[in-house]
Amino acid sequence: MAYETITVETRGRVGLITLNRPKALNALNGQVLSELLAATKAYDADPEISAMVLTGSEKAFAAGADIKEMQSKSYLDMYLGDLFSGWEEFTRIRKPIIAAVAGYALGGGCELAMMCDFIIAADTAKFGQPEITLGVIPGMGGSQRLTRFVGKSKAMDMCLTGRMMDAAEAERCGLVSRVVPAGELVDEALKAAEKIASFSLPAVMMAKEAVNRSYETTLAEGLRFERRVFHSLFAFEDQKEGMAAFSEKRKPDFRNR
Ligand code: HXC
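Keep in mind that what you see is a predicted model, and the values were worked out from it rather than measured.

Criteria and thresholds
The residue count restarts for each chain, going from 1 along the sequence in the order it is written. Totals for whole chains, interfaces and linings use every residue, but because this is a predicted model, local features are given only for residues with pLDDT of at least 70 and side-chain atom pairs only at 80 or more, for both listing and counting. Excluding hydrogens and water, the side-chain figures rest on all heavy atoms present in the structure. Whether two strands pair depends on DSSP finding at least two bridges between them. By the criteria applied, helices consist of DSSP H or I runs no shorter than four residues and strands consist of E runs no shorter than two, each listed in order from the N terminus. Axis angles are defined between N-to-C directions and span 0 to 180 degrees, where every axis is a line fitted to C-alpha atoms and, for a helix, only to the segment in contact. Residue contacts are counted whenever heavy atoms from the two residues lie within 4.5 Å of one another. Here a residue counts as near a molecule or strand whenever at least one of its heavy atoms sits within 4 Å of it. What qualifies as a polar contact is a pair of N or O atoms within 3.5 Å, subject to a donor-acceptor requirement within protein and to the restriction that residues adjacent in sequence count only when both atoms come from side chains. Accessible surface area values rest on a Shrake-Rupley calculation with a 1.4 Å probe, where residue burial reflects the displayed protein chains alone. When residue character is reported, Ala, Val, Leu, Ile, Met, Phe, Trp, Tyr, Cys and Pro are called nonpolar, Asp, Glu, Lys and Arg charged, and the others, Gly included, polar.

J.: When you look at the sheet that holds strand β9 (residues 164-166) in this model, what are you seeing that I'm missing?
T.: The strands that make up a sheet are held in pairs by hydrogen bonds between backbone atoms, and each pair lies either parallel or antiparallel. The strand order β4-β6-β8-β9 describes an open sheet built from 4 strands, whose pairing is mixed. One side of each edge strand has no neighbouring strand; the edge strands of this open sheet are β4 (60-62) and β9. Taking each pair of neighbouring strands and ignoring which way they run, the sheet shows an average axis angle of 20°. Judged from the 2 bridges that link them, β4 and strand β6 (residues 104-106) form a sheet pairing that is parallel. Across the sheet, the residue bridging to Ala62 is Ala105, located in β6. Here helix α5 (residues 108-115) sits on the sheet in contact with β4, β6 and β8 (126-128), set at roughly 90° to β6.

Below, the structure is given as structure tokens:
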């Protein structure tokens, strides 16, 4: 499929998706959403792919939802069109997606990065929820996901003042998993994705599902879910292979089954 607002490259078992609206600092409009959903769903369904990396440009991962697209909309437009609800589909992708963030990740850009499974940041990354400066509030999960990532005090600070957080602060408060030099960002993210892709795909997908479950349920239910999923992995050949390889002091040869 030919895309206009993203580029897509396959590297081994990893899909690399790059947001590509440089003139608008990768602002997220309806076309970006539909192309991103098409690309991630295609990779999700592709048995040759185990993980994805989503990145932007050196200057901006994404500077937010497209303000010019939203500007003139009425409440009725927003309500009937259920604006931004389409992004929930992105969170239903089952294979891991790493956000590789350089430059601005603001508003919807920060929210999109948080919808991925983890964030690797360049030392140039800047995160923020500046919607308050536009007379609105976050609308793609910022008030909810950011609070779960960084706690109430910092989430309030970000959402109420609209200030930006640099990469070091984002790592300190748990928004990002690691910070790397800007020039190495995509390579580092690809390396992490390749590492994930070297493991058993069903185990990888179940690990994603289990961690995500912790956001949606009580500890007791989450622990029960984890244990059941853990038990179910003993139905796969890859569990036998992984444990045999450990005992035989060799590298496992996972077959994703
Ligand atoms: C549409 C955008 C945009 C956006 C930047 N551009 N961000 N277009 N939507 N979110 C466009 C600019 O209009 C400009 O186009 C071009 O990209 C370059 O941007 P500049 O502002 O000239 O660049 P710079 O001076 O380097 O400043 C970078 C910036 C600034 C600090 C990131 O662009 C900025 O503050 N952007 C808006 C950030 C923001 O408020 N995001 C939240 C959006 S609301 P032209 O044509 O003039 O060259 C949101 C909430 C979703 O995401 C849900 C709630 C409703």
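J.: I keep staring at the site of the ligand and nothing clicks. Help me out?
T.: Not every one of the 22 residues close to the ligand is listed here, only the nearest: Lys59, Ala63, Ala65, Lys68 and Gly108. Lys59 is positioned such that a nitrogen or oxygen atom in its side chain is 2.6 Å from an oxygen atom of the ligand. Here an oxygen atom of the ligand and a backbone polar atom of Gly108 are 2.8 Å apart. Within the complex, the protein chains bury 66% of what would otherwise be the 1000 Å² of accessible surface of the ligand. With 3 residues, helix α2 (residues 67-70) is the largest single contributor of residues to the shell around the ligand. Each residue belonging to the shell around the ligand can be placed in one class, and the counts come to 13 nonpolar, 4 polar and 5 charged.

J.: Help me understand the sheet that holds strand β3 (residues 51-55) in this model?
T.: Strand order across the open sheet formed by 6 strands is β1-β2-β3-β5-β7-β10, with mixed pairing between neighbours. Of all strands in the sheet, those bounded by a partner on one side alone are β1 (6-11) and β10 (178-180). Ignoring strand direction, the axes of neighbouring strands in this sheet form an average angle of 20°. Against the sheet, helix α9 (residues 185-197) makes contact with β1, β2 (14-19), β3, β5 (97-101), β7 (118-122) and β10, and its axis sits at roughly 155° relative to β7, the strand it touches most.

J.: Help me out: how do you make sense of the environment of Glu171 in this one?
T.: Mapped onto the elements of the fold, Glu171 is located in helix α8 (residues 167-172). The spacing of Glu171 and Leu19 is 152 residues in sequence and 23 Å in space, taken between C-alpha atoms. For Glu171, the residues in contact, after removing those within four places along its chain, are Val176, Ser177, Arg178 and Val179.

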